[in-house]
Amino acid sequence: MPKKIYLFATSKSKYAINVKSLDVRYLKPDIDFSKYDHLIITSKQTVKALEQHDKKDFINIPALCVSIKTAVAYKEFGGIVLAVGDGYGDNLAKNIKEFPKETKWLYLRAELIASDFVKRSQDEGYKIDDEILYVSECSKEILDTRVNDDSTLIFTSPSSVECFLKNNSIHPDAKIIVIGTTTAKSLPEGIKYIISEKTSIESCIELALSL
């Protein structure tokens, strides 16, 4: 009998037991978008959060998107994609360096972030402001979930790891798949894991099915 696959994410897959990892609360800070040349968007949740704002204020400002998936979501929303990163927030500093230091960036983000690419870029003289557009909290669903066996566990963010571990420990024989290196760093020391080839849920599921 194949092992059960648990997917801890805000998206779903028909091949897994889907456990929503986070509840998201959107905010509407007062933002003067006219001050900025470019936006930085690192999640599809940011795109959803922008629905709280008047589209005409920002829709013509090109955005640096963290991944292809985020870029597609922003294009479908009607936005202009400036450039697309490799899926890792940490590496966005490389994209930012391709533009003059005089460029004015606005990073639209979650309350809690795992990457320090903005701080590193600011330290090198790049002009980046940020605004918090949403707050993520552990969902009741993940807090109520119990996994006590050697299933395959897929974690798609550092917060999905943290929320799972509030009421669970990781079985020594469980197979652990993470969507990227930042998520991997959130695992307890000594836990063995596999990083998916691409930073996408589809890639994680494909890997889980192959184990």
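Look up: the structure comes first, before these words.
Residues numbered from 1 in each chain as written. Predicted model: local features only at pLDDT ≥ 70, side-chain atom pairs only at ≥ 80, totals over all residues. Heavy atoms only, no water.

In this section: the overall build of the chain. The helix and strand inventory of the chain stands at eight helices and 11 strands. Taken over C-alpha atoms, the radius of gyration comes to 18 Å for the chain, in line with the 17 Å a tight globule of 211 residues would show. Overall, the C-alpha framework of the chain stretches about 55 × 30 × 25 Å when taken along its three principal axes. The buried share among the 211 residues of the chain stands at 47%. For the chain, restricting intrachain contacts to residue pairs at least 6 apart in sequence, the fraction spanning at least 24 positions comes to 58%. (Helix = DSSP H or I, 4+ residues; strand = E, 2+ residues; numbered from the N terminus. Rg over C-alpha atoms; globule rule 2.2 N^0.38 Å. Buried < 20%, exposed > 50% of the residue type's maximum accessible area, 1.4 Å probe, protein only. Contact = heavy atoms within 4.5 Å.)

What the rule picks out here adds up to 12 salt bridges. Among the salt bridges present, the one from R120 reaches D116, with a minimum N-O distance of 2.9 Å. (Salt bridge = Lys/Arg side-chain N within 4 Å of Asp/Glu carboxyl O.)

Take the state of the cysteines next. Here, the word disulfide means a covalent bond between the sulfur atoms of two cysteines. By the definition in use, this model includes one disulfide. Through a disulfide, C138 is tied to C163; the S-S separation comes to 2.0 Å. Because the torsion about its S-S bond is -85°, the bridge between C138 and C163 counts as left-handed. Separated by 25 residues along the polypeptide, C138 in strand β8 (residues 127-138) and C163 in helix α6 (residues 158-167) bring together distant segments of the chain. Under the relative-accessibility criterion, C163 is labelled buried at 3%. A disulfide-free cysteine, C204 has its sulfur positioned 17 Å from the sulfur of C163, the nearest such atom. (Disulfide = S-S within 2.5 Å.)

What follows deals with the pairing of strand β4 (residues 38-41). Of the two faces of β4, the one holding H38 and I40 and the one holding L39 and I41 are both buried throughout. By the bridge criterion, four bridges tie β4 to strand β7 (residues 104-110) in an arrangement that is parallel. Paired with H38 across the bridge in β7 is W105. Sheet analysis places β4 next to strand β5 (residues 63-65), joined by three bridges and oriented parallel. What sits directly across from I41, in β5, is C65. As for the winding sense of the linkage, the β-α-β connection from β4 through helix α1 (residues 44-49) to β5 is right-handed. (Pairing = 2+ DSSP bridges. Right-handed = clockwise from strand over helix to strand, strands pointing away.)

As a further point, take the sheet that holds β8. The sheet built from six strands is open, its strands ordered β3-β8-β7-β4-β5-β6 with mixed pairing. Each edge of the sheet is formed by a strand with only one pairing partner; in this case those strands are β3 (22-26) and β6 (81-84). Going from strand to strand, the sheet's axes swing by 25° on average, the running direction of each strand aside. (Axes fitted to C-alpha atoms, helices over the stretch in contact; angles between N-to-C directions.)

By secondary structure assignment, the location of T70 is in helix α2 (residues 68-77). At a separation of 3.1 Å, a polar atom in the side chain of T70 contacts the side chain of S67. Apart from the residues within four sequence positions on either side, T70 is in contact with I41, T42, S43, K44 and C65. (Polar contact = N/O pair within 3.5 Å; in protein donor to acceptor, adjacent residues only side chain to side chain.)

What follows is about the side chain of T183. Position of T183 among the secondary structure elements: in helix α7 (residues 181-184). Excluding residues within four positions of it along the chain, T183 makes contact with F155, T156, S157, P158, V161 and V178.

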